[in-house]
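Fold and geometry: a report
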Amino acid sequence: MVEFSGVVALWTRMGEVGRRAGLTDEAIGLALERLMTHAQKLASATDASTAQVQQRLLEGVARNLEEDPMLVAWALRLASTLGNTQWERFFENFVVKLVAERPELNRRLHAELGYLPPVSLVVNPTMACNLRCRGCYAFEFSREESMSPELFRRVVTQARDLGIRVLVITGGEPFIYKPLVDMALEFSDMTFLTYTNGTLLDEAMADRVALAGNIFPALSVEGYQPETDARRGAGVHAGVVAAMKRLRDRGVLFGISVTPTSLNVDTVTQDAFLDHYLGHGISFAWMFTYIPVGKDPELSLMVSPEQRDQLRQATVRWHKTRPVFIGDFWNDGPQCGGCLSASRYAFVQPDGRVQPCTFVHFYTHNIKEHSLREIFDSPFFEAIRGAQPYHRNLLRPCKIIDHPHVLRQLVEDCGARPSYDGADTLVRDPVFTRALDEYAQRYGKIADAAWQGPDYQDGHAVRVPFSGIVDLYTRFPDRMDNAEARTLERAHEAGQRAAADARAAPPVGRA
């Protein structure tokens, strides 16, 4: 047990980590003062639950100093750069509610629901957008559709009741949707992670975002100016950089969202790329490898299996060397126990249709007719959870690009309908299905080799943000047991097929 009297020693060690990450003594001093104030607030509480929160926070700091020091440096950066409102919202909504209190919430809701509750919900309040980006995943949805404020409020309320603390707001362009900031002000105990092209974050909008304190914009870039403007339009990158300065000047927590493709992966996996945007004040970076859905899906834009592993190596390196929060979707499957669709999150369209995943454009229920809890309990969502993870190698987490046969089977078995005309190309078009099957096979060989390497300790351990290095079979026991059982089933089926092929083959030497 970490006694409060030992906090000073922890602060000293944190200061050393901050200096190694390039923070000034002044910045470290401000960060430690803020952290000490909040630790004292927690320590002064008398109820047991808050005392337990304090204990977990202190133990988490000690563990991460040993096993994930760059995460500590990241926390120091936030504590020294965020405005007062932004810091208060981040600490209460993210550190306390999402990290410290989450284990108890998980236990309570798991007993009630029969599965771990979702952590986040992606909500698309509007498909309206002022840009037309090549390869946009959302392009084929109706551009006229937007949620009424009443429906948006109902979605947010139901999400909060289900234990969700992070709303991921996407589009379209979220800042076209006028009720967004008012909703964040109304639900101040939740975090609104907002994916934006950045072009509407003018002075007035930046002021409103700063006022709310719980809106964390993720600004889309494709590399530097040439790569970003090539996909998004001339002058877009300059607008993004200007928006970053406005947010930084107001102490807003913000980051970048990147779509690695075959065209830009060499650029966005360089240390200089991440350092460039760290210099602009980002606190996080999300990597969404291009998936061939949406506007004119192009198989040629997919990163190759080798390039995908190149991205994995870059993010593993950045976790160890850069004071920034990195999310590499598809390559970070080990950190969260594999695919999260229909289990830890879902995607709500403006018309109320609810998909299991942002990129799985199929649905069976509409939130206008069913509650969010009913949708998570639906046969489609239940079948997806029952199939997860799809393989014991969590570097192969996705049912679209790693196990496309699983997606095809789930859609067929559950009668899931495409979210728009043409969305079923992914599971019906033989050109796509064959290409995705071949991709999964090729990447599987690369991923299996990486899985046995030191970064994952022979497929048994991984560094998880806020938890340090964890044993996967302890962290995700149900999922890993399920993965082992499915791996054995597939091996048995493959053996049976091989034996049948051998029996059917003509004897050697005979035609």
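Notes on the structure follow. Since this is a predicted model, take the numbers as computed values, not measurements. (Residues numbered from 1 in each chain as written. Predicted model: local features only at pLDDT ≥ 70, side-chain atom pairs only at ≥ 80, totals over all residues. Heavy atoms only, no water.)

**Describing the environment of T487**
As for its position among the elements, T487 is in helix α22 (residues 477-504). Residues T487 and H391 lie 96 residues apart in sequence; the distance between their C-alpha atoms is 6.3 Å. (Helix = DSSP H or I, 4+ residues; strand = E, 2+ residues; numbered from the N terminus.)

**Remarks on helix α4 (residues 69-81)**
With 13 residues, α4 ought to run about 18 Å at 1.5 Å a step, and its terminal C-alpha atoms sit 19 Å apart, in line with that. Taken across its 13 residues, α4 has ten buried, putting it largely inside the fold. Looking at α4, one finds that the buried residues are M70, L71, V72, A73, W74, L76, R77, L78, A79 and S80. (Expected span 1.5 Å × (residues − 1). Buried < 20%, exposed > 50% of the residue type's maximum accessible area, 1.4 Å probe, protein only.)

**Observations regarding the packing of aromatic side chains**
Counted according to the given criterion, the structure contains 21 aromatic pairs. Between Y224 and F273 the ring centres are 6.0 Å apart and the planes differ by 80 degrees, which places this aromatic pair in the edge-to-face class. With Y224 in the loop between β4 (215-221) and α10 (225-232) and F273 in helix α13 (residues 271-278), this residue pair connects regions lying 49 residues apart in the sequence. Given the relative accessible area of 0%, F273 is considered buried. Their ring planes at 45 degrees and their centres at 6.4 Å tell us that F288 and F359 sit as a pair that is tilted. Taken as a pair, F288 in strand β6 (residues 284-288) and F359 in the loop between β9 (353-355) and β10 (362-363) lie far apart in primary sequence, 71 residues in all. In this structure, F288 and F359 share a single accessibility class: buried. Sitting above the plane of the Y443 ring, R308 keeps its charged end 3.8 Å from the centroid. Across from the ring centre of Y115, 3.8 Å away, lies the NZ or CZ of R385, which sits over that ring. (Phe/Tyr/Trp six-rings, centres within 6.5 Å; stacked < 30°, edge-to-face > 60°. Lys NZ or Arg CZ within 6 Å of the ring centre and 35° of its normal.)

**Points about unusual backbone geometry**
Residues G171 and G172 are joined by a peptide bond in cis, for which omega reads 20 degrees. The residue G172 is located in the loop between β2 (166-169) and α8 (180-186) in this model. The amide bond that connects Q388 to the next residue, P389, takes the cis arrangement and shows omega of -15 degrees. Tracing the chain through its elements places P389 in the loop between α17 (379-387) and α18 (404-414). Its identity is not glycine, yet D458 carries a phi of approximately 60 degrees, on the positive side. Turning to its location among the elements, D458 is positioned in the loop between α20 (430-451) and β13 (461-464).

**Remarks on the nonpolar core**
Judged by nonpolar contacts, the single largest core of 156 residues is most densely connected at F90 and L121. Residues contacting F90, with those up to four places away along its chain left out, are W74, L78, L82, V95, F216 and L253. (Core = buried A, V, L, I, M, F, W, Y, C linked by side-chain atoms within 4.5 Å. Contact = heavy atoms within 4.5 Å.)

**A word on α20**
With 22 residues, α20 should reach 32 Å at 1.5 Å per residue; the first-to-last C-alpha distance of 30 Å fits that figure. Of all bends in α20, the biggest is about 25 degrees, found at G444. Residues of α20 that are buried include every one of F432, T433, L436, Y439, A440, Y443, G444, A447, A450 and W451, and no others. For α20, the secondary structure elements touched by its buried residues are α14 (305-321), α15 (333-336), α18, α19 (425-428) and α21 (472-475). With a side-chain oxygen positioned 2.8 Å from the backbone nitrogen of V431, the residue opening α20 is D429. (Bend = angle between axes of the 7 residues up to and from the residue. Polar contact = N/O pair within 3.5 Å; in protein donor to acceptor, adjacent residues only side chain to side chain.)

**A word on empty space enclosed by the protein**
Empty pockets left among the atoms are what a rolling probe the size of a water molecule brings to light. In total, this model carries one cavity of 30 Å³ or more according to the counting rule given. Of the volumes computed, that of the largest cavity is approximately 130 Å³. Lining the largest cavity are 14 residues, with D68, L71, H319, V324 and P465 sitting closest to its centre. It is α4 that provides the largest number of residues to the lining of the largest cavity, a total of three residues. The residue makeup of the lining of the largest cavity, split by class, is nine nonpolar, two polar and three charged. (1 Å grid on protein atoms, 1.4 Å probe; cavity = no way out; pocket = protein on both sides within 12 Å on 5 of 7 lines; lining within 4 Å. Points joined across faces, edges and corners; volume = space filled by probe spheres on them. Nonpolar A, V, L, I, M, F, W, Y, C, P; charged D, E, K, R; others polar.)

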